Amino acid sequence: KIARMRPMTIIVQTGDKVLRKTAQEVSLAEIKTAKIKDVLKKMTNAISNAKDGVALAAPQIGLPLRIFIVLKEYTENKTAQELKKIQEKREKSLKLTKTEIAVFINPKITKNSKKKQLAREGCLSVDGVFGLITRAEKATMEAFNEKGKKFTRGASGLLAQIFQHEMDHLNGILFTDTATDLEKIEVKK
């Protein structure tokens, strides 16, 4: 039996106008609709086929909506070591494991720490480019989940960095706008 492959969702790259638009809010009535479920399915498909991706904003698949997703394991305060193991396991299993995501709809950062950190960052929409960027060390976010339930989530370190990076996407900003020491890494295909 041949498993039917779902067409891969394409991640748009720098230069695509959608990446520079301010994404639109999703109405509360719309959150639980088939349309939004489909958007989340496409986003999950895109991130599960992207090497090294940890989060994705809707504009990155061409949809100017205020939605982003984060791979579940990155929201669970795991150590860098544990995350590396999970990532390696995912690559070995050839995506047979179900990609679990945390959903953030209409997110707002309600608080950023004054303390900053310099972090190395990349982006699935700026393929192969990495740079250093200053981000708040801690961030508190308010958002709705896929069931339309409002929640607040505090984060530090990598997750705080992810929150800020994804919020930038929803506001039409790319990390390369402010990052320094940009370098292009040739990815072996």
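Structure first, text after, so check above.
If you're wondering where the values come from, they're calculated on a predicted model, not measured in any experiment. (Residues numbered from 1 in each chain as written. Predicted model: local features only at pLDDT ≥ 70, side-chain atom pairs only at ≥ 80, totals over all residues. Heavy atoms only, no water.)

Participant: Give me the packing of aromatic side chains: which residues, what numbers.
Facilitator: Overall, the coordinates contain four aromatic pairs when judged by the stated rule. Consider the rings of F104 and F163, whose centres lie 5.2 Å apart with planes at 65°: the pair is edge-to-face. Of the two residues, F104 is situated in strand β3 (residues 101-112) and F163 in helix α3 (residues 157-170); the sequence distance between them amounts to 59 residues. Counting every residue linked through ring pairs, the aromatic cluster contains F68, F104, F151 and F163. (Phe/Tyr/Trp six-rings, centres within 6.5 Å; stacked < 30°, edge-to-face > 60°. Helix = DSSP H or I, 4+ residues; strand = E, 2+ residues; numbered from the N terminus.)

Participant: Before we move on, can you summarise the nonpolar core with the specific residues and values?
Facilitator: Ranked by internal contacts, the top residues of the largest apolar core, which has 41 residues, are M43, L56, I67 and F68. Those elements that provide at least two residues to this core are α1 (34-48), β1 (55-57), β2 (67-71), β3, β6 (138-144) and α3. Other than its neighbours up to four places away in sequence, F68 contacts M43, L56, A57, A102, V103, F104, P107, M141, F163, E166, M167 and L170. Formed by seven residues, the second largest nonpolar core is a distinct cluster that contains V126, L174, F175 and A179. (Core = buried A, V, L, I, M, F, W, Y, C linked by side-chain atoms within 4.5 Å. Buried < 20%, exposed > 50% of the residue type's maximum accessible area, 1.4 Å probe, protein only. Contact = heavy atoms within 4.5 Å.)

Participant: Report on unusual backbone geometry, specifying residues and quantitative values.
Facilitator: With a phi angle near 50°, N106 is a residue other than glycine that sits in the positive phi range. Among the structural elements, N106 can be located in strand β3. Given a relative accessible area of 5%, N106 falls into the buried group.

Participant: Help me get a handle on α3, residues and values and all.
Facilitator: Spacing of three or four residues puts side chains on the same side of an α-helix, whose turn is 3.6 residues. Counted at 1.5 Å a residue, the expected span for α3 with its 14 residues is 20 Å, and the 21 Å between its end C-alpha atoms agrees. Burial of α3 is extensive: 12 of the 14 residues sit out of reach of the surface. Within the sequence span of α3, burial applies to L159, A160, Q161, I162, F163, Q164, H165, E166, M167, D168, H169 and L170. A positive phi of about 75° marks G172, the residue just after α3. (Expected span 1.5 Å × (residues − 1).)

Participant: A description of the environment of T134 should follow, citing residues and the corresponding values.
Facilitator: Following the sequence through the fold, T134 ends up in strand β5 (residues 129-136). Here the alpha-carbon distance between T134 and A179, two residues 45 residues apart in the chain, equals 7.7 Å. Beyond its immediate sequence surroundings of up to four residues, T134 is in contact with K116, Q117 and L118.

Participant: Pulling in residues and values, what's your account of the sheet that holds β6?
Facilitator: Across the sheet, five strands lie side by side as β1-β2-β3-β6-β7; this open sheet has antiparallel pairing. A strand with exactly one partner marks an edge of an open sheet, and here the two such strands are β1 and β7 (150-156). Each strand of the sheet is rotated relative to its neighbour by a mean of 40°, with strand direction disregarded. Strand direction decides the pairing type here: β2 and β3, joined by five bridges, are antiparallel. Bridging across to β3, I67 finds its partner in I105. Its contacts with the sheet place α1 against β1, β2 and β3, and it is angled at close to 45° to β2. Of the strands in this sheet, β1, β2, β3, β6 and β7 are in contact with α3, which crosses β7 at around 120°. (Pairing = 2+ DSSP bridges. Axes fitted to C-alpha atoms, helices over the stretch in contact; angles between N-to-C directions.)

Participant: Please provide a residue-by-residue account of a positive patch on the surface, values included.
Facilitator: Together, K111, K114, K116 and K138 line one region of the surface with positive charge. The exposure class assigned to K111 is exposed, which follows from its relative accessible area of 59%. (Patch = residues over 30% accessible without salt bridge, like charges linked within 9 Å, V, L, I, M, F, W, Y side chains within 5 Å. Areas by Shrake-Rupley, 256 points an atom, 1.4 Å probe, with all protein chains shown as cover. Salt bridge = Lys/Arg side-chain N within 4 Å of Asp/Glu carboxyl O. Lys, Arg positive; Asp, Glu negative; His and termini not counted. Charge placed at Lys NZ, Arg CZ, Asp CG, Glu CD.)

Participant: If you had to explain the pairing of β3 to someone new, which residues and values would you point to?
Facilitator: Direction of pairing for β3 relative to β6: antiparallel, over a ladder of five bridges. In the strand pairing of β6, N112 is matched with A139.

Taken by themselves, the reported measurements are silent on function.
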